[in-house]
Amino acid sequence: MWRGAASRWSRCSGTIGRGGYLLHAEQDRYPQTQAMMRAARLYHEHRADCVVIEANNGGDYLPALLEQVDPTVNWRIVHATRGKRARAAPAAQLYEQARVSHVGPARGFAELEE
């Protein structure tokens, strides 16, 4: 099973100031093909620029699987060079400064509190 979180961030600018909008968040376990199908659906639903795939722990095959599921999805591979805590620090800082807005129904973000 593959465990992943799907989220999309976009930056604000202009008079609103610098911050972020969280449009979708989920955390669940899916078999690899289902995970790529879910990523493709979210890509189209949110009109995303790309799906970001972390390839550190054997995820190198995921782009090929995503292309089999939906060849129209743009993707980008990243290799984490720092731990999860260090990677999460910029987003956590935005939350601490109340510069993140959740867009959509509150029940969709309840899992983030756990």
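All values derive from a computational prediction rather than experimental measurement.

(A) A look at the confidence of the model for the protein chain. Scored by pLDDT, the protein chain has a mean of 76; 75% of the residues are at 70 or more. At the level of individual helices and strands, the protein chain shows its lowest average pLDDT in strand β1 (residues 2–11), which scores 44, and its highest in helix α2 (residues 62–69), which scores 94. The low-confidence segment residues 1–16 (pLDDT under 50) makes 46 contacts with residues lying over four places distant or belonging to another chain.

(B) The arrangement of unusual backbone geometry in detail. In this model, Arg47 sits at a positive phi of 50°, which is unusual for a non-glycine residue. Residue placement: Arg47 occurs in the loop between α1 (32–45) and β3 (51–54). Judged by its relative accessible area of 70%, Arg47 is exposed. You will see that Ala98, though not glycine, has its phi angle at about 55°, which is positive. Locating Ala98 in the fold gives a position in the loop between α3 (84–96) and β5 (100–102). For Ala98, a relative accessible area of 68% corresponds to the exposed category.

(C) How the structure looks around the side chain of Asp70. Assignment of secondary structure puts Asp70 in the loop between α2 and β4 (75–78). Despite its burial, Asp70 remains without a salt bridge, the nearest opposite charge being carried by Arg41 at 9.4 Å. Among residues more than four places away in sequence, those in contact with Asp70 are Ala40 and His44.

Reading guide: rules and limits
Counting from 1, residues in each chain are numbered in the order their sequence is written. The model is predicted, so local features are restricted to residues of pLDDT at least 70 and side-chain atom pairs to those at 80 or more, both for listing and for counting; the totals for chains, interfaces and linings are taken over all residues. The basis for the side-chain values is all heavy atoms of the structure; hydrogens and waters are excluded. Per residue, pLDDT measures the predictor's confidence, with a range of 0 to 100. Under the scheme used here, helices are H or I runs from DSSP no shorter than 4 residues and strands are E runs no shorter than 2 residues, and both carry numbers assigned from the N terminus. A contact between two residues is defined here by any heavy atoms of the two lying within 4.5 Å. In this scheme, a residue with accessible area under 20% of its type's maximum is buried, one over 50% is exposed, and one in between is partly exposed, where area comes from a 1.4 Å probe on protein chains only. Charge assignment: positive for Lys and Arg, negative for Asp and Glu; neither His nor the chain ends contribute. Salt bridges are counted wherever a side-chain nitrogen of Lys or Arg sits within 4 Å of a carboxyl oxygen of Asp or Glu.

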